[in-house]
Amino acid sequence: MSGTSSRPVEKSGVFKLGGVLPIHRLGYGAMQLTGPGIWGPPKDRAEAVRVLRRAVELGVDFIDTADSYGPYVSEELIAEALHPYAKGLVIATKAGLVRTGPNQWHPVGAPKYLRQEVEMSLRRLKLERIDLFQLHRIDPRVPVEESLGELKALQKEGKLGHIGLSEVSVEDIQRARKVVDVVSVQNRYNLTDRVHEQVLAYCEQEQLGFIPWFPLATGGLAKPGGALDAAARKHQASPAQIALAWLLARSPVMLPIPGTSSVKHLEENLAGAELSLSKDELAAVDAQASGR
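Residues numbered from 1 in each chain as written. Predicted model: local features only at pLDDT ≥ 70, side-chain atom pairs only at ≥ 80, totals over all residues. Heavy atoms only, no water.

Undergrad: Any details on unusual backbone geometry? Residues and values, ideally.
TA: Trans peptide bonds make up most of the peptide bonds, and negative phi angles are found at most residues other than glycine. The omega angle of the peptide bond from G70 to P71 is -10°, so this bond is cis rather than trans. Tracing the backbone shows P71 in the loop between β4 (62-64) and α2 (73-82). Between H83 and P84 the backbone carries a cis peptide bond, its omega angle lying at 0°. Position of P84 relative to the elements: it lies in the loop between α2 and β5 (90-95). You will see that I38, though not glycine, has its phi angle at about 55°, which is positive. Relative to the assigned elements, I38 resides in the loop between β3 (28-29) and α1 (45-57). A positive phi angle, near 60°, is found at N103, a position not held by glycine. Inspection of the secondary structure puts N103 in the loop between β6 (97-98) and β7 (106-107). (Helix = DSSP H or I, 4+ residues; strand = E, 2+ residues; numbered from the N terminus.)

Here you go:
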């Protein structure tokens, strides 16, 4: 894309978490700053630090991470690169998945464990309060009321600002909302994977932020002749930028967090906030992605 501004993220619009905490709708997901299998340190630590600093320079004020990314590596990198934090920068983290090796994830929702992880995340991130803390997974062995009850206690203690959920159904959200005020949901969602369409509709109805992880699954849609390719050529953009533009247009509660460990790819992704697709272009991309 040519002619991008110095802070393109500001073109993505603003969403208020919980109706009170403003963030730009296009953020950054810090999972890919770790090693292979989301395990261990990055291959190039200096580049990881540059990515985080560049994201903020480009207008990002919402960074998503988790204690399990590394584990702990992503949170440590964020503090190393960005502390003391710029005013208005929201760091969201998660707990509820234990790591035993590369690409291995095990849900743990025991209250004592969640409290321990909150305390450790506060220390690693050098924060007194985590603005958005998300339960990474509901543990089938622990009633969600117990897991969220502990997070609510931590919220009352001033250690957590807002509370969100990850990989949940509409029924899960409704059950959780009987215990805590849920402000966001982080589910897998992209052009080719819309299993959670009902969850998105519920979030839109209830004004909950919907954070799609793995937002850039463009795959075959980016091939020559596809809808993404046609739109990308017209706008002198990348298929990833078109995919992000589609997500931002899809719903006013959509908060994409594309991740990368490369400054070049970061700049390319975030420039997608400046793209404006026509209704016909959006419909063409939608139809191609859904096989219609």
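Undergrad: Residues and numbers for helix α9 (residues 263-270), please.
TA: Considered for burial, the residues of α9 that qualify are V263, L266, N269 and L270. The buried residues of α9 occupy one face: seen down the axis, they fall within an arc of 125°. Here α9 starts with a cap whose side-chain oxygen sits 3.2 Å from the backbone nitrogen of K264, and that cap is S262. (Buried < 20%, exposed > 50% of the residue type's maximum accessible area, 1.4 Å probe, protein only. Arc of directions from axis to C-beta. Polar contact = N/O pair within 3.5 Å; in protein donor to acceptor, adjacent residues only side chain to side chain.)

Undergrad: Would you mind going over the sheet that holds β5 in detail, with residue names and values included?
TA: If you trace the seven strands from one edge of the open sheet to the other, you get β3-β4-β5-β8-β9-β10-β11, paired in parallel fashion. The sheet terminates laterally at β3 and β11 (209-210), the two strands that pair on one side only. Pairing analysis gives four bridges linking strand β9 (residues 160-166) to strand β10 (residues 182-186), with the strands arranged parallel. Following the sheet pairing, I163 is matched in β10 by V182. (Pairing = 2+ DSSP bridges.)

Undergrad: Mind laying out the nonpolar core, listing which residues take part and the relevant values?
TA: Counting residues in hydrophobic clusters, the biggest one holds 89 residues, and the most contacted among them are I63, L148 and L151. In this structure L151 touches L114, V118, F133, L135, L160 and I163, once residues within four positions along its chain are discounted. (Core = buried A, V, L, I, M, F, W, Y, C linked by side-chain atoms within 4.5 Å. Contact = heavy atoms within 4.5 Å.)

Undergrad: Please set out the environment of V179 residue by residue, giving values where relevant.
TA: Locating V179 in the fold gives a position in the loop between α5 (170-176) and β10. In this structure V179 comes out as buried when scored by relative accessible area, which is 17%. C-alpha separation for the pair V179 and G149, spaced 30 residues apart in sequence, amounts to 6.6 Å. Filtering out sequence-adjacent residues up to four positions away, V179 remains in contact with E145, L148, G149 and K152.

Undergrad: So what's going on with the packing of α2 against helix α3 (residues 111-125)? Residues and values would help.
TA: Running from N to C, α2 and α3 point in directions that differ by 35°, and their axes come no closer than 8 Å. Contact residues: E75, E76, I78 and A79 in α2; S121, R124 and L125 in α3. (Axes fitted to C-alpha atoms, helices over the stretch in contact; angles between N-to-C directions.)

Undergrad: Describe the side chain of E75, naming the residues involved and giving the relevant values.
TA: Considering the arrangement of structural elements, one finds E75 in helix α2. Apart from the residues lying within four places of it in its own chain, the contact partners of E75 are T65, A66, D67, T93, S121, R124 and L125.

Undergrad: I'd like to hear about the packing of aromatic side chains, residue by residue, with values.
TA: Within the structure shown, the criterion is met by three aromatic pairs. Both rings, one in Y69 and one in W105, keep their centres 6.4 Å apart while their planes meet at 80°; by these two values the pair is edge-to-face. Here W105 lies in the loop between β6 and β7 and Y69 lies in the loop between β4 and α2, a separation of 36 residues in the sequence. On the accessibility criterion, W105 (29% relative accessible area) is partly exposed. (Phe/Tyr/Trp six-rings, centres within 6.5 Å; stacked < 30°, edge-to-face > 60°.)

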